[in-house]
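If you want the building blocks of each chain, they are given just below.
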Amino acid sequence: MPKYKVTVHTHNIATGTTLNNVFIKLVGENGESKRTWLTSLKGGFYQGTASREFDVVCPSSLGTLVLIELDKQPLPLFPQDAWFPSKVVVTTPEGDTCKFPIYRWIMDKEVHLFREGTAKRLCDETNHLARYSREKEMKTRTELYCWDTYKEGFPGSMKADNPLDLPSEIQFSFTKATQFLFTAATGITELKLKGYSDSKKSWKNIDEISKVFCCNRTVISDYAQEHWKEDEFFGYQYLNGCNPMLIRRCSELPANFPITEDLVKPSLRVSSSLLRELQSGNIFLLDYKNLDGLKANVIHTKKQYMAAPLVLLYRTPDDKLVPIAIQLKQEPGEDNPIFLPTDSEYDWLLAKIFVRSADFQEHQLNVHLLRTHLLAEVFAVALLRNMPMVHPLYKLLIPHTRYTLQINLLARAFLIADEGVFTQFAASGGEAMNEILRRSVASLTYSSLCMPEDITARGLESVPNNYYRDDGLKLWDIIHRFVEEVISFYYKSDSEVREDQELQNWIKDVFDHGFLAQECTGIPQSFSTVPEVVKFVTVVIFTCSGQHSAVNSGQYDYGGWMPNTPISLQRPPPTTKGQSTESTMLETLPDVGTTAQGMSTMWLLSKQSTDFLALGQYPEEHFNEIPPCTMIQKFQTELKVFSETVNARNSGLPVPYTYMDPALVENSVAI
């Protein structure tokens, strides 16, 4: 009688073991086995192990295996437990090896169906059992993963009230959850014990801020503390800091920024002129119009302030980028002076502080929250609703959704909710937050998510010392080549793309719920060609990995030293020159408690978990076929070589740029 050898693997994850009885049924094209009890001499299926081989004997050959049915039943007097099998491997009597990827929690007594792991599009399915399994899986998925609207004008999100409402397979691991809560608790507890987090006092001097800052420090945060007043460091951050997305080359001055030749002449190279520098491509603009006209928050019963500045930056003959003019409000006027490097020390420094605080608001809500977290959630929910596990795109993208839905749920609950840290302690955390996000959604475009197109559109192709651009474009190219190889393996022609209804449903879901069905965004509503799919999938992976790392990982590096990136400001923008002093600056900076809350939150959001998975690492074996597995190995090799190049370059820099180093880039938006 034909004998099938079955090996069951339990994932290497804390609490993933089961002591329940496990049963399996093999289903092939020619029949099915009996439901077989998989006994274990070790008394259970243990974390990170392959159990011994089990024999499943059948009266005759089952033919090509299509799926397996798994269920587990508790022993008498024992509770139902949670089990996280990774895969089941079956060796057939004919000597073939069939792998069945699982990678999910089984927490009940129900029968669960899992397909043989060869990637298949819907049109590839010829077996009625396979189609039935696919339909059943997708019906369950659409019931589990439902769209919700958090706020009108925001991208769609996963419908869930708390982390326990999320399907178990997408929740944090025990390790991740424990460390996340520990880091959050210890950060603010330490500041509470020192009397900082609840203090409503203003700072007496800069040295006082250092005492809070000393709780947590990094190499770059120390550098920021030492150099935060310097114009060169100010300019550097717009190329390589947390928000490298705002700067653009300026060939013509905005009509609402009335800068004259005489104003900036002292800052330009000898014998040059503003017109000549504009024409030479050496002038750059920061425009915070997204913040214009908004009502700032009230913190500790005190009104807060934020500006909507315009800033002119200049590339010096020695290739430094420095600010040469700052206007703190959008509309010019007598009460809105243009501040210059030749002004008094504190006039100029205070103007830069208002810019840096404005940058915090723009960065956190638009660049970080919207353009990485919320979009990553859209990509994930659409994938889980429209792609079965056996679909090649599911296999390719599911690693890049790890923990995203739970981290976003926590962000909505503890950061931007009515009682959230951002809502309570950021200048834009009140009414302004929702409007900034709506404005940001309205201005979101497909091309701005495609890094090569975005860099070109902003005129940054040749700006020196732009490591975000250099590393990002290299990373984009590596990801694009990998995606192109994988997609081209499964889609041999454009017609196969057009005929894949699950693929078309996915992109339509993204368009409708992520980009609110706005054609002006340029987001495709359907796919017609293989290159279109390759480009969009590259955007998804890059957004969830490299781009998120670039705008997330440096939050504490550049924001830990509060004067460099104030979360809020307590005095309005100056309306005249010659009035600012060190005392004025200290009264303007956020109070002690607000500073402490901001610092502890940025520390938490920059902290890497020990179960971090770097870009290109796929411990879950979703692909069975040799070609895509070989492509993954090639992808990993290219990433490793690039990482070595980045490290070699950084060894010669005073401020290393590590945020696009593949070894430090997480596979998904997981923090």
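From a predicted model like this one, the values you see are computed outputs, not experimental measurements. (Residues numbered from 1 in each chain as written. Predicted model: local features only at pLDDT ≥ 70, side-chain atom pairs only at ≥ 80, totals over all residues. Heavy atoms only, no water.)

1. Notes on the overall build of the chain
Within the chain, the secondary structure is distributed over 22 helices and 18 strands. Relative to the globule expectation of 26 Å for 671 residues, the C-alpha radius of gyration of the chain, 28 Å, shows essentially globular dimensions. Structurally, the chain occupies a C-alpha span of about 95 × 55 × 45 Å along its principal axes. Residues counted as buried form 58% of the 671 residues belonging to the chain. If you take every contact in the chain between residues at least 6 apart in sequence, the share linking residues at least 24 apart comes to 74%. Summed over its atoms, the accessible surface of the chain is roughly 26800 Å², and 53% of this surface lies on carbon and sulfur atoms. Taking the average place of the 66 positive charges on the side chains of the chain and the average place of its 81 negative ones, the gap between the two points comes to 3 Å. (Helix = DSSP H or I, 4+ residues; strand = E, 2+ residues; numbered from the N terminus. Rg over C-alpha atoms; globule rule 2.2 N^0.38 Å. Buried < 20%, exposed > 50% of the residue type's maximum accessible area, 1.4 Å probe, protein only. Contact = heavy atoms within 4.5 Å. Areas by Shrake-Rupley, 256 points an atom, 1.4 Å probe, with all protein chains shown as cover. Lys, Arg positive; Asp, Glu negative; His and termini not counted. Charge placed at Lys NZ, Arg CZ, Asp CG, Glu CD.)

2. Considerations on the nonpolar core
Membership of the largest hydrophobic core comes to 160 residues, with the highest contact counts inside it found for W506 and F536. Top contributing element to this core by residue count: helix 8 (residues 345–386), with 24 residues. Those residues in contact with W506 that lie beyond four places of it in its chain are F379, A382, L383, N386, M387, L393, L397, F527, F536 and V540. Counting 22 residues, the second largest nonpolar core, distinct from the first, contains V56, L65, I68 and V90. (Core = buried A, V, L, I, M, F, W, Y, C linked by side-chain atoms within 4.5 Å.)

3. Observations regarding the UniProt feature "binding site: Fe cation" (unreviewed entry) in the chain
When the UniProt feature table is mapped onto this chain, "binding site: Fe cation" (unreviewed entry) is found at H368, H373, H548 and I671. Spanning 304 residues, the named residues form one tight spatial group whose C-alpha atoms are at most 11.3 Å apart. Relative to the helices and strands, H368 resides in helix 8. When residues no more than four places from it in sequence are discounted, the contact partners of H368 are H363, H373, H548, V551, N552 and Q555. Here the side chain of H368 touches H373 through a polar contact of 3.2 Å, side chain to side chain. Here H548 is to be found in helix 18 (residues 530–552). For H548, the contacting residues outside a window of four places in its chain are H368, T372, H373, F542, T543, S553, S668, V669 and I671. (UniProt positions renumbered as here; feature names shortened; annotations may be inferred. Polar contact = N/O pair within 3.5 Å; in protein donor to acceptor, adjacent residues only side chain to side chain.)

4. Here we look at unusual backbone geometry
Within the chain, S271 stands out as a residue other than glycine whose phi angle is a positive 65°. Among the structural elements, S271 can be located in the loop between helix 6 (261–264) and helix 7 (274–279). Positive phi, normally seen in glycine, also occurs at H300, with a value near 55°. Mapped onto the elements of the fold, H300 is located in the loop between strand 14 (298–299) and strand 15 (302–303).

5. Observations concerning the sheet that holds strand 18 (residues 338–339)
Strands sit in the order 12-13-16-17-18 across an open sheet of five strands; the sheet is antiparallel. Each end of this open sheet is capped by a strand with a single partner; those strands are strand 12 (248–249) and strand 18. One ladder, built from two bridges, connects strand 12 with strand 13 (residues 283–287); its direction is antiparallel. Residue pairing across strands places R249 opposite F284, the latter belonging to strand 13. Each of strand 16 (310–315), strand 17 (321–327) and strand 18 is contacted by helix 8, which is oriented at about 90° to strand 17, the strand it contacts most. (Pairing = 2+ DSSP bridges. Axes fitted to C-alpha atoms, helices over the stretch in contact; angles between N-to-C directions.)

6. Some words on helix 21 (residues 592–606)
Given a rise of 1.5 Å per residue, 15 residues ought to cover 21 Å, and the 21 Å separating the end C-alpha atoms of helix 21 matches this to within 8%. Counted residue by residue, helix 21 has 14 buried out of 15 residues, so it is predominantly covered. The N-capping residue of helix 21, defined by a side-chain oxygen 3.2 Å from the backbone nitrogen of G593, is D591. (Expected span 1.5 Å × (residues − 1).)

7. Describing empty space enclosed by the protein
This model, assessed by the stated rule, comprises seven cavities of 30 Å³ or more. Considering only enclosed or pocket space, the largest cavity measures out at about 120 Å³ in volume. Surrounding the largest cavity, 14 residues form its lining, C242, R356, D359, H363 and T565 being those nearest its centre. No other element matches helix 8, which puts five residues into the lining of the largest cavity. Tallied by class, residues from the lining of the largest cavity come to four nonpolar, eight polar and two charged. In this structure, the second largest cavity encloses a volume near 90 Å³. As for the second largest cavity, its lining consists of M245, R371, S448, L449, M451, D454, Y468, F542, T543 and Q547. Those elements giving two or more residues to the lining of the second largest cavity turn out to be helix 13 (446–449), helix 14 (451–457) and helix 18. Of all the elements, helix 18 adds the most residues to the lining of the second largest cavity, at three residues. Residues that form the lining of the second largest cavity fall into these classes: five nonpolar, three polar and two charged. (1 Å grid on protein atoms, 1.4 Å probe; cavity = no way out; pocket = protein on both sides within 12 Å on 5 of 7 lines; lining within 4 Å. Points joined across faces, edges and corners; volume = space filled by probe spheres on them. Nonpolar A, V, L, I, M, F, W, Y, C, P; charged D, E, K, R; others polar.)

8. Side note on the sheet that holds strand 5 (residues 54–57)
The strand order across the open sheet built from four strands is 5-1-7-8, with neighbouring strands paired in antiparallel fashion. Two strands bound the open sheet, and with one partner strand each, they are strand 5 and strand 8 (97–101). For this sheet the average axis-to-axis angle between neighbouring strands, irrespective of direction, equals 25°. Relative to strand 7 (residues 85–91), strand 1 (residues 3–10) runs antiparallel, the two being bridged by six bridges. Following the sheet pairing, T10 is matched in strand 7 by P85.

9. Brief notes about a negative patch on the surface
On the surface, E226, E230, E232 and D318 cluster together into a patch of negative charge. Along the chain, E226 turns up in helix 4 (residues 219–227). For E226, a relative accessible area of 61% corresponds to the exposed category. (Patch = residues over 30% accessible without salt bridge, like charges linked within 9 Å, V, L, I, M, F, W, Y side chains within 5 Å. Salt bridge = Lys/Arg side-chain N within 4 Å of Asp/Glu carboxyl O.)

10. Here we look at the pattern of salt bridges
Throughout the structure, instances matching the rule amount to 35 salt bridges. In this structure, R269 and E277 form a salt bridge, with 3.0 Å as the shortest nitrogen-oxygen distance. The class of E277 is buried, set by a relative accessible area of 2%.

11. Focus: the state of the cysteines
Counted by the stated rule, this structure contains zero disulfides. The structure places no disulfide on C520, whose sulfur is separated from the nearest cysteine sulfur, that of C450, by 16 Å. Residue class for C520 comes out exposed when judged on its relative accessible area of 60%. Distance from the sulfur of C544, which forms no disulfide, to the nearest cysteine sulfur (C450) is 14 Å. (Disulfide = S-S within 2.5 Å.)

12. Remarks on helix 22 (residues 626–650)
Here helix 22 contains 25 residues, and its C-alpha end-to-end distance of 36 Å stays within 8% of the 36 Å for a straight helix at 1.5 Å per residue. Listing the buried residues of helix 22 in full gives P628, M631, I632, F635, L639, F642, S643, V646 and N650. Those residues of helix 22 that are buried lie in contact with helix 15 (467–490).

13. Focus: the packing of aromatic side chains
The final tally for this structure, using the stated rule, is 18 aromatic pairs. Between the aromatic rings of F489 and Y490, the centroid separation amounts to 4.8 Å while the plane-to-plane angle is 85°, which identifies the pairing as edge-to-face. On the numbers, 6.2 Å between centres and 20° between planes, the contact of Y490 with F623 is stacked. You can see Y490 sitting in helix 15 and its partner F623 sitting in the loop between helix 21 and helix 22, a full 133 residues away along the chain. Across the pair, F623 and Y490 agree in class, each one buried. Of the aromatic side chains, those joined through ring pairs into one cluster are F379, Y446, W506, F527 and F536. Above the face of the F23 ring, R35 is positioned so that its terminal group lies 3.8 Å from the ring centre. For R121, the ring lying beneath its charged end belongs to Y491, and the centroid distance is 5.2 Å. (Phe/Tyr/Trp six-rings, centres within 6.5 Å; stacked < 30°, edge-to-face > 60°. Lys NZ or Arg CZ within 6 Å of the ring centre and 35° of its normal.)

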